[in-house]
Amino acid sequence: MTRGSVHVVKISGDAGLRAAQDIAASLSEALAGHDKVAIATEAISGADITTIQLLLAARKQALASGKSLSLAAPPTGVLRDLLIQSGCLSADGRPLTQDGDFWTPAKGKAA
């Protein structure tokens, strides 16, 4: 298990329902081996409500294990659009839910 450094998990392509099982396995594996994990989402080309649920569930898993899971950068593209459409973020990117700090990480600061 690594301590101190941040392990980055890159999610790309369609991150919706069909990819959920694979993404969940990748995140669980990363959390099993690392104390701090950041998720790079800029290469996501497809997302749905499953994507949001999956990321929040992984965050809760991390917190329950005393670990850190964050986004590597603020969401962009289809993920940002989905977060706005689902009411997680306002159109200008402000958080609208309890999990707002997860969706709006400080730029350049992961985990």
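Since the model is a prediction, treat every value here as computed from it, not as a measurement.

## Here we look at the overall build of the protein
Turning to step 1, where the next piece is worked out: Counting its regular elements, the protein contains 4 helices and 3 strands.
Turning to step 2, where the next piece is worked out: If you list the helices and strands of the protein from N to C, you get β-α-β-α-β-α-α.
Turning to step 3, where the next piece is worked out: Scaling as 2.2 N^0.38, a compact globule of 111 residues should have a C-alpha radius of gyration of about 13 Å, and the protein matches this with 13 Å.
Turning to step 4, where the next piece is worked out: With the C-alpha coordinates of the protein rotated into their principal frame, the extents come out at 40 × 30 × 20 Å.
Turning to step 5, where the next piece is worked out: Taking all 111 residues of the protein together, 40% fall into the buried category.
Turning to step 6, where the next piece is worked out: Within the protein, residue pairs in contact and separated by at least 24 positions form 77% of the contacts whose partners lie at least 6 positions apart.
Turning to step 7, where the next piece is worked out: Counting every atom, the protein has about 6000 Å² of accessible surface; 51% of that belongs to carbon and sulfur.
Turning to step 8, where the next piece is worked out: Across the protein, 11 positive and 10 negative side-chain charges occur, with their mean positions spaced 7 Å apart.

## Description of the confidence of the model for the protein
Turning to step 1, where the next piece is worked out: Across the protein, the average pLDDT comes to 91, with 91% of residues at 70 or higher.
Turning to step 2, where the next piece is worked out: Within the protein, the element-level pLDDT minimum falls on strand 1 (residues 2–14), averaging 87, and the maximum on strand 2 (residues 34–46), averaging 97.

## Considering the nonpolar core
Turning to step 1, where the next piece is worked out: Ranked by size, the top nonpolar core spans 26 residues in total, and within it Ile39, Leu55, Leu69, Phe102 and Trp103 carry the most contacts.
Turning to step 2, where the next piece is worked out: Among the secondary structure elements, those contributing two or more residues to this core are strand 1, helix 1 (20–33), strand 2, helix 2 (49–64), strand 3 (68–71), helix 3 (77–85) and helix 4 (100–103).
Turning to step 3, where the next piece is worked out: For this core, the element with the highest residue contribution is helix 2, accounting for 6 residues.
Turning to step 4, where the next piece is worked out: If sequence neighbours within four positions are ignored, Leu69 has contacts with Leu31, Val37, Ile39, Leu55, Ala58, Arg59, Ala62 and Phe102.

## Describing the packing of aromatic side chains
Turning to step 1, where the next piece is worked out: Overall, the coordinates contain 1 aromatic pair when judged by the stated rule.
Turning to step 2, where the next piece is worked out: On the basis of an interplanar angle of 65° and a centroid distance of 4.9 Å, the ring pair of Phe102 and Trp103 is categorised as edge-to-face. As far as burial versus exposure is concerned, Phe102 and Trp103 are alike and both buried.

Cut-offs applied
Residues numbered from 1 in each chain as written. Predicted model: local features only at pLDDT ≥ 70, side-chain atom pairs only at ≥ 80, totals over all residues. Heavy atoms only, no water. Helix = DSSP H or I, 4+ residues; strand = E, 2+ residues; numbered from the N terminus. Rg over C-alpha atoms; globule rule 2.2 N^0.38 Å. Buried < 20%, exposed > 50% of the residue type's maximum accessible area, 1.4 Å probe, protein only. Contact = heavy atoms within 4.5 Å. Areas by Shrake-Rupley, 256 points an atom, 1.4 Å probe, with all protein chains shown as cover. Lys, Arg positive; Asp, Glu negative; His and termini not counted. Charge placed at Lys NZ, Arg CZ, Asp CG, Glu CD. pLDDT = per-residue confidence, 0-100. Core = buried A, V, L, I, M, F, W, Y, C linked by side-chain atoms within 4.5 Å. Phe/Tyr/Trp six-rings, centres within 6.5 Å; stacked < 30°, edge-to-face > 60°.

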